[in-house]
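Structural overview for review
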Amino acid sequence: MPADTRKTRVEVEGRELVLSNLDKVLFPEVGFTKGEVIDYYTRIAPVLLPHLTDRPVTRIRFPNGVGDKSFFEKNKPASTPDWVRVETLPAPGSSKGRETIDYVVADDLPTLVWLANLAALELHTPQWRIGAHPDMMVVDLDPGAPATLRQCCQVALLMRDRLAADGIDAYPKTSGKKGMQLCCPIAGTQDADEVSAYAHRIAAELEREHPKLVVSKMAKNLRPGKVFIDWSQNNAAKTTVAPYSLRAQSMPSVSTPLTWDEVEAGAAGKRPATKPYTAGEVLDRVDKYGDLLAPLRTPGPELPIG
């Protein structure tokens, strides 16, 4: 195609963007194009953006689609527009030895569309907002084959009830791949080490009580047939896939908030234990339920440490 027909100028909330190669297929198995990726992120923005606000975003980019090479990106791209919010923050655990990173913060729709146009399919954020302690505890539930999402749902129910005993509310979502996460709003007054230690203690408790189903130790040889409760997600240097983010699977699957009724159904072998939700299905779910993770925007209690 002539170069000028591969680019489209659009205005998004007063910002001019140049979108390119909208017909490029990024999910080859189902023919899902970059234009459809941008459309999805534009339509999901009202519920996604509150979960990105004030959080540095790590992107996983797939310039030629999910069947080709990808790369993690934390630092701002060289071509970042001057209107995009950038925050220079410490870089604990940087694989390149950097002391700081210039992070993009996706606080608004123009930034989200700009990232989608860069084929940033996956968006990952930390459990803390810029300049603050963690305001969310995340527990990642990772099934070791032959365990599946069904066993994740079973462990999620156990974790929900145990956290409730400490006054902690948990909100479930699929990872968009094979596992789940539980997101828990907390007070934002405790550091990441304290949050990790609490999550580790609860995971170890459940492992002792349900040794055939749960494992809390990192060793991968212990995981087959069990669900690993990854308490280490609360480390200050780690990120978790954002709610409503696309995932780089054969289909445009999404990290999808669930109701507890759905988790109970999943534990019994019904969906969501069978397959992930896709972009179109998630848009329909938002029309039906709104943002099931809206409670994460309100601070929760302090964790009972010690």
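Residues numbered from 1 in each chain as written. Predicted model: local features only at pLDDT ≥ 70, side-chain atom pairs only at ≥ 80, totals over all residues. Heavy atoms only, no water.

Per an unreviewed UniProt entry, the protein carries the name ATP-dependent DNA ligase and comes from Micromonospora echinofusca.

With that out of the way, let us pick up helix H3 (residues 149-165). In this model, H3 (17 residues) spans 24 Å end to end at C-alpha, consistent with the 24 Å of a helix rising 1.5 Å per residue. Residues Leu 149, Gln 151, Cys 152, Cys 153, Val 155, Ala 156, Leu 157, Met 159, Arg 162 and Leu 163 constitute the buried set of H3. Buried residues belonging to H3 abut strand S10 (136-143), strand S12 (180-185), helix H4 (192-209), strand S13 (214-215), strand S14 (227-230) and helix H5 (260-267). One or two residues past the end of H3 sits Gly 167, with phi positive at roughly 80 degrees. (Helix = DSSP H or I, 4+ residues; strand = E, 2+ residues; numbered from the N terminus. Expected span 1.5 Å × (residues − 1). Buried < 20%, exposed > 50% of the residue type's maximum accessible area, 1.4 Å probe, protein only. Contact = heavy atoms within 4.5 Å.)

Moving on, we come to unusual backbone geometry. For the bond running from Ala 145 to Pro 146, omega is 10 degrees, close enough to zero to count as cis. Here Pro 146 shows up in the loop between S10 and H3. A positive phi angle, near 65 degrees, is found at Asp 54, a position not held by glycine. By the element assignment, Asp 54 lies in the loop between helix H1 (34-52) and strand S5 (58-61). One non-glycine residue, Tyr 244, adopts positive backbone phi at about 75 degrees. Residue placement: Tyr 244 occurs in the loop between strand S15 (240-241) and H5.

Now for the pattern of salt bridges. Applying the stated rule across the entire model yields 20 salt bridges. Between Arg 59 and Glu 73 there is a salt bridge, and its shortest N-O distance comes to 3.0 Å. Of the two residues, Arg 59 is situated in strand S5 and Glu 73 in strand S6 (residues 71-73); the sequence distance between them amounts to 14 residues. Of the two residues, Arg 59 and Glu 73, neither departs from the other in class, the shared state being buried. Taking the shortest distance from any N to any O, the salt bridge between Lys 178 and Asp 142 comes out at 3.6 Å. Linking Lys 178 in the loop between strand S11 (171-174) and S12 with Asp 142 in strand S10, this pair joins segments that are 36 residues apart in sequence. Shared partners join several salt bridges into a network, and the residues in it are Asp 54, Arg 85, Glu 87 and Asp 107. (Salt bridge = Lys/Arg side-chain N within 4 Å of Asp/Glu carboxyl O.)

Another point: a negative patch on the surface. On the surface, Asp 191, Asp 193, Glu 194 and Glu 302 cluster together into a patch of negative charge. Of note, Asp 193 is situated in helix H4. Its relative accessible area of 63% is what places Asp 193 among the exposed residues. (Patch = residues over 30% accessible without salt bridge, like charges linked within 9 Å, V, L, I, M, F, W, Y side chains within 5 Å. Areas by Shrake-Rupley, 256 points an atom, 1.4 Å probe, with all protein chains shown as cover. Lys, Arg positive; Asp, Glu negative; His and termini not counted. Charge placed at Lys NZ, Arg CZ, Asp CG, Glu CD.)

Relative to the assigned elements, Leu 149 resides in helix H3. The sequence separation of Leu 149 and Gly 269 amounts to 120 residues, and the corresponding C-alpha distance is 8.9 Å.

Further remarks concern the packing of aromatic side chains. In total, this model carries two aromatic pairs according to the counting rule given. Note on Phe 27 and Phe 32: the rings are 5.7 Å apart at their centroids and 80 degrees apart in plane angle, and the pair reads as edge-to-face. The residue whose ring lies beneath Arg 285 is Tyr 277, and the NZ or CZ to ring-centre distance is 4.5 Å. (Phe/Tyr/Trp six-rings, centres within 6.5 Å; stacked < 30°, edge-to-face > 60°. Lys NZ or Arg CZ within 6 Å of the ring centre and 35° of its normal.)

Evaluated as defined, the whole model comprises zero disulfides. The thiol of Cys 184 is unpaired, and the distance to the nearest cysteine sulfur, on Cys 183, comes to 7.2 Å. (Disulfide = S-S within 2.5 Å.)

This brings us to helix H6 (residues 279-289). Of all the positions in H6, only Ala 279, Val 282, Leu 283, Arg 285 and Val 286 are classed as buried. The buried side chains of H6 occupy one side of the element, clustering within an arc of 160 degrees when seen end-on. Exposed and oriented more than 90 degrees from the buried face of H6 are Asp 284, Asp 287 and Lys 288. Elements that come into contact with the buried residues of H6 comprise strand S4 (32-33), H1 and H5. The positive-phi residue at the C-terminal boundary of H6 is Gly 290, with phi of around 75 degrees. (Arc of directions from axis to C-beta.)

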